[in-house]
2 protein chains.
Amino acid sequence: MSNVAPGVTPDAPAPSAVSNRPDVKRDAHPFSRGQLEGLMTKRFFYIQAFEIYGGVGGLYDYGPTGAALQANIINQWRNHFIIEEEMLELDTTIMTLADVLKTSGHVDKFADWMCKDVKNGEIFRADHLVEGVLEARLEGDKQARAKESGAPAAAAEAVPAEGGADDKKSKKKKVKSTAVKLDDAVVEEYTSVLAQIDNFDGKQLGELIRKYDIRSPESNNEVSEPIEFNLMFESSIGPTGQVKGYLRPETAQGHFVNFQRLLEFNNGRVPFASAQIGKSFRNEISPRAGLLRVREFTMAEIEHFVDPEDKNHERFDEVKDIEVPLLAKDVQESGKTDITVKTIGEAVASGVIDNQTLGYFIGRIYLFLVKIGIDPTRLRFRQHMSNEMAHYASDCWDAEIHTSYGWIECVGCADRSAYDLTVHSKRTKKDLVVQKAHKEPKVYDKLVPTIIKKNIGPKFKKDAKLVEEAILEMDQKKLAELESQLKNGSAQLSVCTGQTFELTTDVVTVEMKTIRETVREFTPNVIEPSFGIGRIFYSLLEHSFWARAEDQDRGVLSLPPLVAPIKALIVPISSNEKLAPLVKQVSRKLRSAGVASRVDDSNASIGRRYARNDELGTPFACTLDFASLSKGTMTLRERDTTAQRIGRIDEVIDVIRQLCDGNLDWEGACKILPEYSGQQDVDE
Amino acid sequence: MSNVAPGVTPDAPAPSAVSNRPDVKRDAHPFSRGQLEGLMTKRFFYIQAFEIYGGVGGLYDYGPTGAALQANIINQWRNHFIIEEEMLELDTTIMTLADVLKTSGHVDKFADWMCKDVKNGEIFRADHLVEGVLEARLEGDKQARAKESGAPAAAAEAVPAEGGADDKKSKKKKVKSTAVKLDDAVVEEYTSVLAQIDNFDGKQLGELIRKYDIRSPESNNEVSEPIEFNLMFESSIGPTGQVKGYLRPETAQGHFVNFQRLLEFNNGRVPFASAQIGKSFRNEISPRAGLLRVREFTMAEIEHFVDPEDKNHERFDEVKDIEVPLLAKDVQESGKTDITVKTIGEAVASGVIDNQTLGYFIGRIYLFLVKIGIDPTRLRFRQHMSNEMAHYASDCWDAEIHTSYGWIECVGCADRSAYDLTVHSKRTKKDLVVQKAHKEPKVYDKLVPTIIKKNIGPKFKKDAKLVEEAILEMDQKKLAELESQLKNGSAQLSVCTGQTFELTTDVVTVEMKTIRETVREFTPNVIEPSFGIGRIFYSLLEHSFWARAEDQDRGVLSLPPLVAPIKALIVPISSNEKLAPLVKQVSRKLRSAGVASRVDDSNASIGRRYARNDELGTPFACTLDFASLSKGTMTLRERDTTAQRIGRIDEVIDVIRQLCDGNLDWEGACKILPEYSGQQDVDE
């Protein structure tokens, strides 16, 4: 992921939640984030960490359902990317030597701007403060105007820019508004500032704070000039306190520092990709937005190393016909957010996507997200604009998913060029390069400097090494200049320290030589697809959640069987002891079939147990009754439709196995198992 | 895991490496740790982290083979424990609120003793320093005695107490010895100190340092008094620096703070178990011994919550006949290390193992370790001695695995009683209890204090709350005393602050009342099996490694197919392009059969490719030759025996699938596939 903290993009139209199952009416009630969050807590998907100690912002614990859903998403990721593409999986340390992150640029640049209430010391993220105060003023303006015109201020207008926040805990700390009318010009100015809020640096944020007299919202005290706050958690390694370490902000550096070992493992050839799934950390100033902005998170990152002269991809044909929703940079730069649907093949051919490898991964990312249950109508690939992209990147696309918080960056897919390997190699003086044999030796002429070792030392003494290095780093143009200056007597050499030295032909000569090159040596470029698993996890939950038309309080999580935490619930119809051995037997059989199941033999009514099941996202329920004992049958309930079918126990188990493996859909299952007509009332 | 740093137990006899495959001669060469470690680096199983930056002690990166082996071990663990026993999996944060670890005791007690060279500042772990110096003196004594007697000092005697260290990098920094003879009494004294080295606290280590004039080995300077060094990595959460956090030293606390949510998820019933797999951290003073003592490691922990009045286990019958090698505490306390082999049933019945649940897990741990490939003859369960165990624990057994470093604690299995839940509940004032309905209401008499609220406040003012709490905490015995003292006029009450108060009947009365109890409320006890995945990983590698009888340099890793990083290698016999489509086809077929495979189409000879394969621990190789094209056959090579069989491609793939699933052994495979007789020389 780039050094810039990935954000929420609230500027775009929000497509409405649609069901991808025509047989299920999922849009009877508007989406309620509060209801979803209530369910998450009640069914222990996740919870703020250290709840009994009062909780800590930005840290979340995953309970049994959440941990299983996350494990299933990761498992699918591993199959889809690592196994399917024979990537080299890594598991590198979280604790990272400070030096490494100094080289990568994180020590200097991985920061946000914060300011302090000058009297009570309260801390704000500067951009959030400016945003909150200006939004409150605009809201106050609307209230004043509404009063003037006698109309009540519309409730919808009180919702903060991020949209849809209907729960106190997780939305941005909102600044209270007072009904004060603003000049039209001021309204326009504030609106324009808010539209660009992500683009201001600390100095500019400070200017805005002074210009608009922005103060600490609760105390009304002045706030300090914004200062940089590095977002890495710092610690020290070992007992002396002298070896500084940080918790990694991304897994990527662990790939780069091991590049040479990976290359060797791959018999010296590129392209190849390494992959890693693991925790990363970001010490947010004031975390908000639930799982979308957290201090500890699971990432899955791929570093695909390619020859910069050949970014074609061997398997490009497999994705070229996939149609993906693209929001290109030129569209955004013209102030629009219109999505164009194009095939990957077209997008690469027309240069919208820079190269085949980048296109290949965009296609694979699309397939992965849709497979695990992300609604394709709420998914887009947004290209970074030129001013947004790291200076070394040549192209970058984010997979953004639409949620009640707006469009969320969930996967970044960047061409990082040779930046990372180059800086680490320079810093450590270790070669991080690929050697590729030419098919035919390449013969060409080239200026080559010869250093006269016996003279350079005595002449420049302690600076000799510096001078030598500066000469050896010269490109052909500089060598040509040097050659001509030396012919005229002497040359001036400026080195990195700012010193200047005089060179003469007794220390260096430059000659044109014929080079016969059999091997090309190059630093590979890196294409990096980087997945925020927690963001995908949360978006998937929003896309899966709905309430039954007949009862708004009956929530359902329509998670695909592929990732559902538990695939099948086993429900004995009563607590009669005669059913117990059969329950155990079905449980064992499902386990051997590789289907994660759970028994609910609680005293709750069967309808309540089904409802609980719906909230847990369990796609299937097997009900055992006395006919199961006498006739060996079992009913199968499907979560989304609540339809029930019946069959012999082994037959039903086999159908469930096929449904979970993705070899059968519900329609197919209905062809195998007849409808269940008895006891229709159990699901009421 | 307990707060005490788990250690290496070097005191016991080392069983020799044995092959568990009678058809393979694995003991032709003595085990060489140096050779194994060379292989680990060459084949990128693991490497010191930040190698190109000079490396950092105690931090290791896992490469593609190591990461896959680790993932497979974890996967087996998840199946064996979480899935098979329907445990509740958790994923809680690594970054931990300091308060939580203050309550658990880690802030105060999770420490080692260190001392400093007073002049150059070099830092030593105090027990390692004493150990190293005394060992060197004993070695010097041996050399001197050998010289006296004219016999050469036996080479074996130069090996440090840990045993078998044959590689400089990973063994404890050894102190140089000089040939100086010691008095017999001194030799005896040193030997006795070394035997108890793990039992000394800081003060005692300081006394030993002064008594034996122990100095900094290289500088010969004096060293400082031992001071405590807390082994947790510290950081701060958020921008103010006021919220202190530590990286967790174990995953256990994440289970305990979520206990009430877990209980609710389990419908309020015990027993149940939660489980978590994740990274933990320990800022070692001077890490050594490779993967066995590291600063960042993967743990897998189970917290099984039980009714303290019923520690029987529902599935005990399934393990009761398993024979396990036990080293009980009374044996150790009598100075011996003899292992007794007993069935779990016998051990629990005779009270050697405290209860069924503990016995059940010991059985399950044994089955797991043997299944993934640990040599059962180098595995034992060692019971903690009374002085070794945390004060709250009622019984504790470590699964120890024998390696070239001695016996290594790889799994701890402790009955932690109600300690953890009690301290967190007390600190947070949140109930962490189970309510269990009595079958019949329980009716009994009980002394009950009644506090007269209107008088206690005015009488004790600010201390009133303190007095009230002290009264409410009294047990029946104390209440009986209070009752009789009150009858005689007044009673003296001592509270936790040390103050004493006079109680009279105007503030408190005590009466015998009849209680009708319908629900029993209790704090569950916790049985905790805690696995160090890295230690198991390393031990497994030692148990799997051997060298071919015909060539000591040809290492083989006989990893079981179940956990081997790659299950099958695909080897085209030549680089002829005609073979390429077939190679792809076989690769695809193996993938659909769920078999992780890899192609080796490098230019190396087939023999070298097989040898590389042996080093990677890949159990099977499929060789494709021109007969594959013409006749559709493929040969199958088995790694340990190097035997080759032949069959139709689909048939061979099916055999491999069964071998990997554990449904077929090699003997069975040989019954299906005939011996391959052509080109016998390819494996030479």
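These figures come from a predicted structure and were not determined experimentally.

A few words on the domain arrangement of chain A. As assigned here, chain A comprises domain 1 (33-105 + 235-419), domain 2 (111-149 + 177-230), domain 3 (439-520) and domain 4 (566-672). Averaged C-alpha coordinates put domain 2 of chain A and domain 4 of chain A at centres separated by 56 Å.

Contacts between the two partners involve 80 residues from chain B and, on the opposite side, 80 residues from chain A. Between chain B and chain A, roughly 6,900 Å² of surface is buried when both sides are summed, and carbon and sulfur atoms account for 59% of that area. Sorting the residues of chain B by area buried against chain A places Ile 52, Tyr 53 and Arg 261 of chain B first, and these three jointly supply 12% of that buried surface. Scanning the region where chain B abuts chain A turns up twelve salt bridges. Inspection of the region where chain B meets chain A yields 24 residue pairs in polar contact (both at pLDDT 80 or more). Residue classes in the side of chain B that touches chain A are distributed as 33 nonpolar, 21 polar and 26 charged.

The sites that UniProt annotates as "domain: Aminoacyl-transfer RNA synthetases class-II family profile" (unreviewed entry) are residues 203-565 of chain A. Secondary structure content for residues 203-565 of chain A is 28% helix and 34% strand, while the C-alpha to C-alpha distance between its ends is 48 Å.

With that settled, the discussion passes to the sheet that holds strand β8 (residues 227-230) of chain B. All names here are of chain B. Pairing within the open sheet is antiparallel, and its three strands lie in the order β7-β6-β8. The open sheet has two edge strands with one neighbour each: β7 (123-125) and β8. Neighbour-to-neighbour, the strand axes of the sheet open up by a mean angle of 45°, direction not taken into account. Note that strand β6 (residues 111-116) and β8 share four bridges and pair antiparallel. Note on β8: the bridge partner recorded for Ala 111 is Asn 230. Helix α5 (residues 126-149) contacts β6 and β7 of the sheet and is inclined by roughly 85° relative to β7.

What follows concerns the environment of Ser 530 of chain B. Residue and element names in this part refer to chain B. By the secondary structure assignment, Ser 530 is in strand β22 (residues 525-532). Exposure remark for Ser 530: the relative accessible area of 1% places this residue in the buried category. A C-alpha to C-alpha distance of 5.1 Å links Ser 530 and Gly 412, two positions 118 residues apart in sequence. A polar contact is formed between the side chain of Ser 530 and the side chain of Glu 301, at a distance of 2.9 Å.

Looking now at empty space enclosed by the protein. Where empty space is left can be seen by rolling a probe of water-molecule size over the atoms. Residues and elements named next belong to chain A. Inspection of every chain in the model, using the stated rule, returns eight cavities of 30 Å³ or more. Of the pockets and cavities examined, the largest cavity occupies roughly 310 Å³. Ranked by the residues each element gives to the lining of the largest cavity, the list is headed by strand β12 (residues 296-306), at four residues. Taken together, the residues that form the lining of the largest cavity break down as ten nonpolar, six polar and seven charged.

All right, on to the relation of the copies chain B and chain A then. With an RMSD of 0.6 Å, chain B superimposes on chain A once it is rotated by 180° and translated 0.1 Å along the axis. In short, the pair behaves as if placed about a two-fold rotation axis. Across chain B, the smallest distance between a C-alpha and the rotation axis is recorded for Ser 235 of chain B, namely 2.7 Å. Most of the interface of chain B is mirrored in chain A, where 100% of its interface residues again form contacts.

All names here are of chain A. In the predicted model, chain A carries a mean pLDDT of 89, and 92% of its residues have values of at least 70. pLDDT under 50 marks residues 1-19. Its contacts with residues more than four places away, or in other chains, come to 55 contacts. Predicted confidence is poor over residues 153-172, with pLDDT under 50, and the contacts of this stretch with residues over four places away or in other chains come to 40 contacts. Scoring of the predicted complex yields 0.87 for pTM and 0.86 for ipTM.

Before going further, it helps to examine the sheet that holds strand β10 (residues 243-247) of chain B. All names here are of chain B. Taken together, three strands build an open sheet; the order of strands is β5-β10-β9 and the sheet is antiparallel. In this open sheet, the two edge strands, each paired with only one partner strand, are β5 (95-97) and β9 (234-237). Geometrically, the sheet is characterised by an average inter-axis angle of 45° between neighbouring strands, direction not taken into account. In this sheet, β10 lies alongside β5 in antiparallel orientation, the contact comprising three bridges. From the neighbouring strand, Thr 96 faces β10, where its bridge partner is Tyr 246.

Right, let's talk about the packing of helix α2 (residues 64-83) of chain A against helix α17 (residues 533-544) of chain A for a bit. Residue and element names in this part refer to chain A. Two numbers describe how α2 lies on α17: the axes approach to 11 Å, and their chain directions differ by 110°. As summarised for this structure, α2 and α17 are arranged roughly perpendicular, according to the angle between their axes. Considering only the axes of α2 and α17, their crossing is right-handed. Contact residues: Gly 66, Leu 69, Gln 70, Ile 73 and Ile 74 in α2; Ile 533, Phe 537, Leu 540 and Leu 541 in α17. Across the contact of α2 with α17, the residue classes tally to seven nonpolar, two polar and no charged.

Turning next to helix α21 (residues 649-661) of chain A. All names here are of chain A. Between its first and last C-alpha atoms α21 spans 19 Å; for 13 residues at 1.5 Å apiece the expected length is 18 Å, and the two agree. Turning to α21, its buried residues are Ile 649, Val 652, Ile 653, Val 655, Ile 656, Gln 658, Leu 659 and Cys 660. Buried positions along α21 lie against β25 (568-572), α18 (580-592), β27 (620-624), β28 (633-638), β29 (644-648) and α22 (666-672). Gly 662 lies just past α21 and shows a positive phi near 85°.

Glancing now at the side chain of Glu 301 of chain B. Residue and element names in this part refer to chain B. Within the fold, Glu 301 resides in strand β12 (residues 296-306). No salt bridge is formed by the buried Glu 301, whose closest oppositely charged neighbour, Arg 416, lies at an N-O distance of 6.5 Å. Among the polar contacts listed, one links the side chain of Glu 301 to the side chain of Thr 251, at a separation of 2.6 Å.

Conventions we followed
Residues numbered from 1 in each chain as written. Chains lettered and ligands numbered in written order. Predicted model: local features only at pLDDT ≥ 70, side-chain atom pairs only at ≥ 80, totals over all residues. Heavy atoms only, no water. Domains from an automatic or database assignment. Contact = heavy atoms within 4.5 Å. Buried area = accessible area lost by both parts, 1.4 Å probe. Salt bridge = Lys/Arg side-chain N within 4 Å of Asp/Glu carboxyl O. Polar contact = N/O pair within 3.5 Å; in protein donor to acceptor, adjacent residues only side chain to side chain. Nonpolar A, V, L, I, M, F, W, Y, C, P; charged D, E, K, R; others polar. UniProt positions renumbered as here; feature names shortened; annotations may be inferred. Helix = DSSP H or I, 4+ residues; strand = E, 2+ residues; numbered from the N terminus. Pairing = 2+ DSSP bridges. Axes fitted to C-alpha atoms, helices over the stretch in contact; angles between N-to-C directions. Buried < 20%, exposed > 50% of the residue type's maximum accessible area, 1.4 Å probe, protein only. 1 Å grid on protein atoms, 1.4 Å probe; cavity = no way out; pocket = protein on both sides within 12 Å on 5 of 7 lines; lining within 4 Å. Points joined across faces, edges and corners; volume = space filled by probe spheres on them. Least-squares fit on C-alpha atoms with pLDDT ≥ 70 in both. pLDDT = per-residue confidence, 0-100. Parallel < 35°, antiparallel > 145°, perpendicular 65-115°, else oblique. Left-handed = near helix turned anticlockwise from the far one by under 90°. Expected span 1.5 Å × (residues − 1). Lys, Arg positive; Asp, Glu negative; His and termini not counted.

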